[in-house]
Each structure stands twice: as C-alpha cells, then as structure tokens.
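Descriptive analysis of the structure
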Amino acid sequence: MTGREDETAGRSADVERTFAAFPPARGRGFAVSWWGQAWLTALEESALDLQQLKAGRRLARAGAVGAVSVRPGRITAMVRGRDRTAHRADVLVEPLAEAQWERFLDMAVERAGHVAALLDREMPPHLVEDASVTGIDLLPGLGELEPECACGAWDHCEHTAALCYQVARLLDEDPFVLFLMRGRDEQALLADLQIRGDTASADEAQDSPASRARPGVDATEAYASGDILPSLPALPELPMEPGVPPSLDTEAAPGVAGVDPAALEVLAAGTAVEAHRMLAEALRDTPGTVSELTVPQDAVRLAAGASDACVIERLAEGSGRGREGLETAVRAWRLGGEAALSVLDEEWQVEGEALARARAALESAWDEDERPPLRRDGNRWTAEDAPAQLRLGRDGRWWPYREEAGRWVPAAAPARDPATALAATEPDGQRTDGTLVPEGP
C-alpha cells in the first residue's frame, strides 16, 4: 500500500466498488460526458509516451480490460496486453483531505440546487466550477494520474493507459465514481449532505433579528482605547456566489429618458458576476492573466446570462452577429468562453510543427481501418460522410462542430483526442446544456 492511500480518511476509506468489464468499443470515442472528457485530458496531457497511449486505447477498444475496482485513491483492473499476458494495472488519484471535504460539503449546502440534484443522484452541471472557487479540485489535473503496473513500467504503459480509457467510459455511466476516487462513496456523501441540509434549515428557523443584534460601543471610548484593542480580524472569505442586484421591476417610469430598466438589470447582474470572478482570481495563490474582451465578445457574454427577449435583440444587433449568429456564439461561450468564440470566428492556416502535430494526432486517434475520411480547409477538418467537423484551436485542442440547419454549430467541449471530439458530434454524444438564447415574442 502506498503513502497516498495511507492519507485516505473518513468513513469511505474501506469502501470498494467493482464494475463488470465493458464490451469492446471499436469505432467510437471513449467519453461523451464532461467528466469523462476531463479524465482523458488529464491522462493525455501527463503521459510521456504517446505510443503507449495509442496501444492502451486499442486494448480498451478490444475489451482487454477486466472488471474495474474503485476505492479511495486507487483504481485497479487486470489488463491483457498485446502479447496476451495479463497484468494487474493500478492508477492512483490523490484523495481529498477531510478539511477539503468539509469545505466541499459547506459549499454544496449553500446551493440548494446542488443538494437537490445530488440527492436525486444527478450531477449538477456547475458543481466542479463552484467547488474550484473554494479551492477543491474534484477532477484530476495535469500529472495527477499516477500509474503502477505489474509489468514494471515507471510511466503509463499500455496496461494503465487501457485502464484509464476504460475509466472514462465508467465515468460516463456513473459520475459518482469520481467522488469515491477522491475519498467518499455515494452513500456517505449523500448522508452528509442530508445531515447538513437539515442542520442548516433548523439554524435558519431559529435565527431572528433579535438574536443577530450586537451591543454597540461608544465611539469616543473605542478611539481612546485603540492601542490596547486586539488586531483587526482577517478579511472575510470569498462569497460562495455573486450578489444579486436589486430588482428594478417597478411601475414607476425611469427618471431619465432613454434608460432601459431591463438592460440595466442585465448589466448589473453581469457586473456582479464579473466582479466575483475577478476577486476569486485575485485571491488565488498564483493569479493568472485575463485578457480584456472586445465589445462583440462581451455582448455574447451578456447574452449568455440574459433572459429578456428585447435585451437579447439589442445584443444581437450591437454584436453584429444577428439573431442566429448570436445564438451560435452563446452556445460556444457556454462551452468554452473566449477560447470557444475564437474557434467559432477565426479560420487560420495550420502550418509547420502545428500541422505535423495535428496529422500525428489524427493518425493515432483511430485504427487504420476505422479512420474516417476528413477534408481539411485551414484549421477545419470536415467529415466527408457525416455532418461533422473538427476545428483545431491554437492550443492544440479539437473542437467538435455539427451541421444544423445549414450552419456549423459547436457540439460539445473540446478534447485532446480527435476521435473523442468527433464522437461528440453524434446526437447521442451531445454535451451542450441545450439552453440557447430564448426566442422573442
């Protein structure tokens, strides 16, 4: 047993679930859910030998991975290699510490929608983002998938790679497996949420203005004793979510001609969200750099959070995209923000090293007899036998696009593996939230 497993704490430390082996999966991607995609991204960005990944992907497609056992910090399976020899393969994932679980549970209880969805065994769409704001990374990051294999390889071999590809399919089937890897099984997690939810409701019922009142202190007395008073308390923590601006829905006419209350509410709400994001960025240990949006890009960002049809019409006109163009841009924004908009709008020539990398990725993504015919035009590869297209971003990620009503629209989040991205263009692989710009009256 490794030291990483020794750190596992809590009631789920000894819980183990075993999942039956998946059948062969020839000719399809390994993940259609956002969870599965993020898992594969962590694998493909951390492995040093891409040939081993390719070999592992073939083994997983051929059904060479046996039953998968999952417990906190470790995933295990017997994998039969190309030489037909079976090896025990393990992949280690760092469990969350008990203090991190406490923060995660506090965050979830603060958002009633998260608790309700989890208790119904559904995975809330924004759970990972909200947890990340509190410093909890549920999904593995670069280098967090640590391999151990009986074949003796020190990095990812074909056996551990095959196991990881199979786990991506497993996460599609049951995303609660992710919580078990991180240290909490489903029953323990739901029980903790239920208890905390009941406690929060009881505390809220007992709270009253009288109980919140605090005695005041004479200002002159406080100033005179300033040198003996304790130091100021620490700054408050980042609010769990942006504040809600006051409603402007009144019967009174605007005090200034030309003021649109609905548009003003959209701007106020958008400003609150942006301020919360900037504050979260500033409080990080290693804040990143955020580029400033152009006016057309900012119009898309505002439209993604707007619900008033008149406001959306104004944004469609102001952005220069028109109604249909704005609807497509909003879908792209929800899938990847500014990067997704760049892929939607920009067509560029892939040359030199970037082109060599793209061709290598396309060649290794499928077996030779399964590779679909693709026609390249700039950074866009269009399938010749399906209404599907792959767009290469400048960061090397592949963005899936699907033809709908004669126009190309983003179909899902990007992937490092072009086969996975292309599989997401199929109707049953759709990962968009389905909520587009509302229609006008």
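All values reported here derive from a predicted model rather than from experimental measurement. (Residues numbered from 1 in each chain as written. Predicted model: local features only at pLDDT ≥ 70, side-chain atom pairs only at ≥ 80, totals over all residues. Heavy atoms only, no water.)

**Brief notes about the overall build of the chain**
Under the convention used in this document: Each helix corresponds to a stretch of at least 4 residues labelled H or I by DSSP, and each strand to a stretch of at least 2 residues labelled E; elements are numbered beginning at the N terminus. Partly exposed describes any residue whose relative accessible area lies between the buried limit of under 20% and the exposed limit of over 50%, with all areas from a 1.4 Å probe on protein chains only and scaled to the type maximum. What makes two residues a contact is simply this: any of their non-hydrogen atoms within 4.5 Å. Each accessible area is a Shrake-Rupley estimate made with a 1.4 Å probe; only the visible protein chains count as cover when residues are assessed.
Helix and strand counts for the chain stand at 17 helices and 10 strands. Looking at the chain as a whole, 44% of its 441 residues are labelled buried. Partitioning the contacts of the chain with sequence separation of at least 6, the portion at a separation of at least 24 is 66%. Of the roughly 23500 Å² of accessible surface on the chain, 53% is carried by carbon and sulfur atoms.

**Section: the sheet that holds strand S9 (residues 398-404)**
Let me state the cut-off plainly: One requirement defines pairing of two strands: DSSP has to find at least two bridges between them. Every axis in this analysis is a line fitted to C-alpha atoms, fitted for helices over the stretch in contact. Angles between the N-to-C directions lie between 0 and 180 degrees.
Reading across from one edge, S6-S7-S8-S9-S10 is the order of the 5 strands in this open sheet, with antiparallel pairing throughout. Of all the strands in the sheet, just strand S6 (374-377) and strand S10 (407-410) have a single pairing partner and so form its edges. Pairs of neighbouring strands in the sheet enclose a mean axial angle of 30°, with direction left out of account. Inspection of the sheet shows S9 paired to S10 by 4 bridges, in the antiparallel sense. In the sheet register, Glu-404 faces S10, and the bridge partner there is Arg-407.

**Topic: the packing of helix H13 (residues 295-304) against helix H15 (residues 322-345)**
We count it as follows: Note on terminology: angles under 35 degrees are roughly parallel, angles over 145 are roughly antiparallel, angles of 65 to 115 are roughly perpendicular, and the others are oblique. Amino acid classes used here: Ala, Val, Leu, Ile, Met, Phe, Trp, Tyr, Cys and Pro are nonpolar; Asp, Glu, Lys and Arg are charged; the rest, including Gly, are polar.
Taken N-terminus to C-terminus, the directions of H13 and H15 make an angle of 110°; their axes are 9 Å apart at the nearest point. One element, H13, and the other, H15, form an angle in the roughly perpendicular class. Across the interface between the two elements, Gln-297, Val-300, Arg-301, Ala-303 and Ala-304 of H13 pack against Leu-326, Ala-329, Val-330, Trp-333, Arg-334, Glu-338 and Leu-341 of H15. Residues that form the contact of H13 with H15 fall into these classes: 8 nonpolar, 1 polar and 3 charged.

**Observations concerning the nonpolar core**
For clarity, the threshold we go by: By nonpolar core we mean a set of buried residues, namely Ala, Val, Leu, Ile, Met, Phe, Trp, Tyr and Cys, connected to one another through side-chain atoms within 4.5 Å.
Formed by 59 residues in total, the largest nonpolar core has its most connected members in Trp-39, Phe-104 and Phe-179. With 9 residues, the top contributor of residues to this core is helix H7 (residues 158-173). The contact partners of Phe-104, leaving out residues within four places of it in the chain, are Leu-127, Ala-131, Ile-136, Leu-138, Phe-179 and Leu-189. The next biggest cluster of nonpolar side chains, apart from the first, holds 23 residues, and it includes Val-300, Ala-303, Ile-312 and Ala-329.

**Some words on unusual backbone geometry**
Backbone geometry follows two general trends: most residues other than glycine have a negative phi, and most peptide bonds adopt the trans configuration. Positive phi, close to 75°, is recorded for Arg-84, a residue that is not glycine. Turning to its location among the elements, Arg-84 is positioned in the loop between strand S3 (74-80) and strand S4 (86-92). Look at Arg-84 and you get exposed, because its relative accessible area is 58%. For Ala-405, which is not glycine, the phi torsion reads 55° and is therefore positive. With respect to the helices and strands, Ala-405 occurs in the loop between S9 and S10.

**Details of the pairing of strand S8 (residues 388-392)**
The buried fraction of S8 is high, at 5 of 5 residues. Neither face of S8 is left uncovered, since the one carrying Ala-388, Leu-390 and Leu-392 and the one carrying Gln-389 and Arg-391 both have all their residues buried. Bridge count for strand S7 (residues 380-383) against S8 is 3 bridges, and the pairing is antiparallel. From the neighbouring strand, Arg-380 faces S8, where its bridge partner is Arg-391. In this structure, the hairpin formed by S7 and S8 is closed by a connection of 4 residues.

**Quick word on the environment of Gly-73**
Structurally, Gly-73 is set in the loop between strand S2 (68-71) and S3. Overall, Gly-73 belongs to the buried group, its relative accessible area being 3%. Put simply, Gly-73 and Val-93 are 20 residues apart on the chain and 4.7 Å apart in space, counted from C-alpha to C-alpha. Setting aside residues no more than four positions away along its own chain, Gly-73 makes contact with Val-91, Leu-92, Val-93, Pro-95, Leu-180 and Met-181.

**Digging into helix H4 (residues 98-110)**
Given 3.6 residues per turn, any residue in an α-helix points the same way as the ones three and four places further on. This is how it is decided: Take the number of residues in a helix, subtract one, and multiply by 1.5 Å to get its expected span. Within this analysis, the arc is defined by the directions that extend from the helix axis to the C-beta atoms.
Between its terminal C-alpha atoms H4 stretches 19 Å, which fits the 18 Å expected from 13 residues at 1.5 Å a residue. For H4, the set of buried residues is Trp-101, Phe-104, Leu-105, Met-107 and Ala-108. Buried residues in H4, looked at end-on, bunch into an arc of 160°, giving them a common side.

**Here we look at the pairing of S7**
Residues Arg-380 and Thr-382 of S7 are buried on one face, and the alternating residues Trp-381 and Ala-383, pointing to the opposite face, are buried as well. Looking at chain direction, S6 and S7 are connected through 4 bridges and run antiparallel. In the sheet register, Leu-374 faces S7, and the bridge partner there is Ala-383. Connecting S6 to the antiparallel partner S7 that follows it, the hairpin turn spans 2 residues, and Gly-378 within it adopts a positive phi of roughly 70°.

**Section: the sheet that holds S4**
Read across the open sheet, the 5 strands follow the order S1-S2-S3-S4-S5; overall the sheet is antiparallel. Pairing within the sheet leaves two strands with one partner each, and these edge strands are strand S1 (17-19) and strand S5 (146-149). Along the sheet, successive strands turn relative to each other by an average axial angle of 20°, direction set aside. Of the strand pairs in this sheet, S3 and S4 are connected by 7 bridges, and their pairing is antiparallel. Note on S4: the bridge partner recorded for Val-79 is His-87. The strands touched by H7 within the sheet are S1, S2, S3, S4 and S5, with S4 carrying the most contacts at an inclination of about 60°.

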